[in-house]
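Chain by chain, the residues run as shown.
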Amino acid sequence: MTEEFLRFLKKTKYSKEFDLFLEQYQKANPGRFAIIKISGAVLENELESISEDIAFLYKLNLIPIIVNGAGKSLDQVVSNNKINGIRVTSYEDMYKVKETTNSITDKLIDEIYKFGAKAVNLSDCLQCDYL
């Protein structure tokens, strides 16, 4: 764990962000979790770095629950209807949304495993209906 902690220290360059993290970590009970929303754009540009950070949390016995977007990958496979900046997905596109999001989630999981942590895709636990 010391090696992981030192790697994290180098990454944060001992900033105020690190002070906040350290304070929260010292207060945390093992098994605590956090829900983290990651945009598709961030995953496209920072997949390795994000995966390393998630793996680090896992190694600290904190359980990160990730909700991720699909970004431009989704824009490429579904019709791009938006109302007030919010995507409106047709019934026909719902399967494409699930397929694309699962593909991105699987890439994230593969990267997390590379950093020595475990992860699972829980998309089968979620369901949506067309309104």
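What comes next concerns the included structure. Every value quoted in this text rests on a predicted model; they were computed, and no experiment measured them. (Residues numbered from 1 in each chain as written. Predicted model: local features only at pLDDT ≥ 70, side-chain atom pairs only at ≥ 80, totals over all residues. Heavy atoms only, no water.)

Things to note about the side chain of Asn68
For step 1, the next point in the chain: Looking at the element boundaries, Asn68 is found in strand 2 (residues 63–68).
For step 2, the next point in the chain: Every residue in contact with Asn68, bar those within four places of it in the chain, is listed here: Lys37, Ile38, Leu43, Thr101, Ile104 and Thr105. (Helix = DSSP H or I, 4+ residues; strand = E, 2+ residues; numbered from the N terminus. Contact = heavy atoms within 4.5 Å.)

With respect to the environment of Phe115
For step 1, the next point in the chain: Relative to the helices and strands, Phe115 resides in the segment after helix 5 (94–114).
For step 2, the next point in the chain: Phe115 gets classed as buried once you look at its relative accessible area, which sits at 18%.
For step 3, the next point in the chain: Each C-alpha atom of the pair Phe115 and Phe56 lies 8.2 Å from the other, and the pair is 59 residues apart in sequence.
For step 4, the next point in the chain: Not counting residues up to four positions away in its chain, the partners in contact with Phe115 are Glu48, Ser51, Glu52, Ala55 and Lys59. (Buried < 20%, exposed > 50% of the residue type's maximum accessible area, 1.4 Å probe, protein only.)

Observations regarding a nonpolar patch on the surface
For step 1, the next point in the chain: Taken together, the side chains of Phe33, Ile35, Ile63, Ile65 and Val67 make up a nonpolar region of the molecular surface, amounting to roughly 470 Å² of accessible area.
For step 2, the next point in the chain: For the nonpolar patch, the elements supplying multiple residues, two or more each, are strand 1 (33–38) and strand 2.
For step 3, the next point in the chain: Considering each element in turn, the nonpolar patch owes the most residues, 3 residues, to strand 2.
For step 4, the next point in the chain: Mapped onto the fold, Ile63 is located in strand 2. (Patch = residues over 30% accessible without salt bridge, like charges linked within 9 Å, V, L, I, M, F, W, Y side chains within 5 Å. Areas by Shrake-Rupley, 256 points an atom, 1.4 Å probe, with all protein chains shown as cover. Salt bridge = Lys/Arg side-chain N within 4 Å of Asp/Glu carboxyl O.)

What about helix 3 (residues 40–59)?
Since the α-helix packs 3.6 residues into each turn, any two residues three or four apart lie on the same face.
For step 1, the next point in the chain: End to end, helix 3 covers just 24 Å across 20 residues, shorter than the expected 28 Å (1.5 Å per residue, more than 12% under).
For step 2, the next point in the chain: Largest kink in helix 3: about 100°, centred on Glu46.
For step 3, the next point in the chain: Of the residues making up helix 3, those classed as buried are Gly40, Leu43, Ile50, Ser51, Glu52, Ile54, Ala55 and Phe56. (Expected span 1.5 Å × (residues − 1). Bend = angle between axes of the 7 residues up to and from the residue.)

Remarks on the nonpolar core
For step 1, the next point in the chain: Within the largest apolar cluster, 15 residues are counted, with the highest numbers of intra-cluster contacts made by Ile38, Leu43, Ile50, Ile54, Leu108 and Ile112.
For step 2, the next point in the chain: Listing elements by their share of this core, those giving two or more residues are helix 3 and helix 5.
For step 3, the next point in the chain: Setting aside residues up to four positions removed in sequence, Leu108 forms contacts with Leu43, Leu47, Ile50, Ser51, Ile54 and Ile66. (Core = buried A, V, L, I, M, F, W, Y, C linked by side-chain atoms within 4.5 Å.)

Examining the pairing of strand 1
For step 1, the next point in the chain: Relative to strand 2, strand 1 runs parallel, the two being bridged by 6 bridges. Residue pairing in the sheet places Lys37 in a bridge with Val67 of strand 2.
For step 2, the next point in the chain: Between strand 1 and its parallel partner strand 2, the chain crosses via helix 3, and the hand of that crossover is right-handed. (Pairing = 2+ DSSP bridges. Right-handed = clockwise from strand over helix to strand, strands pointing away.)

Structural notes on unusual backbone geometry
For step 1, the next point in the chain: A positive phi is found at Asn61, a non-glycine position, where the angle reads about 65°.
For step 2, the next point in the chain: Counting through the fold element by element, Asn61 comes out in the loop between helix 3 and strand 2.
For step 3, the next point in the chain: For Asn61, a relative accessible area of 47% puts it in the partly exposed group.
For step 4, the next point in the chain: Positive phi values are uncommon outside glycine, yet Asn84 reaches one of about 55°.

A few points about helix 5
For step 1, the next point in the chain: A rise of 1.5 Å per residue sets the reference length of helix 5, with its 21 residues, at 30 Å; its end C-alpha atoms lie 31 Å apart and thus fit the reference within 8%.
For step 2, the next point in the chain: Here helix 5 has its buried residues at Thr100, Asn102, Ile104, Thr105, Leu108, Ile109, Glu111 and Ile112.
For step 3, the next point in the chain: Buried-residue contacts for helix 5 involve helix 3, strand 2 and helix 4 (71–77).

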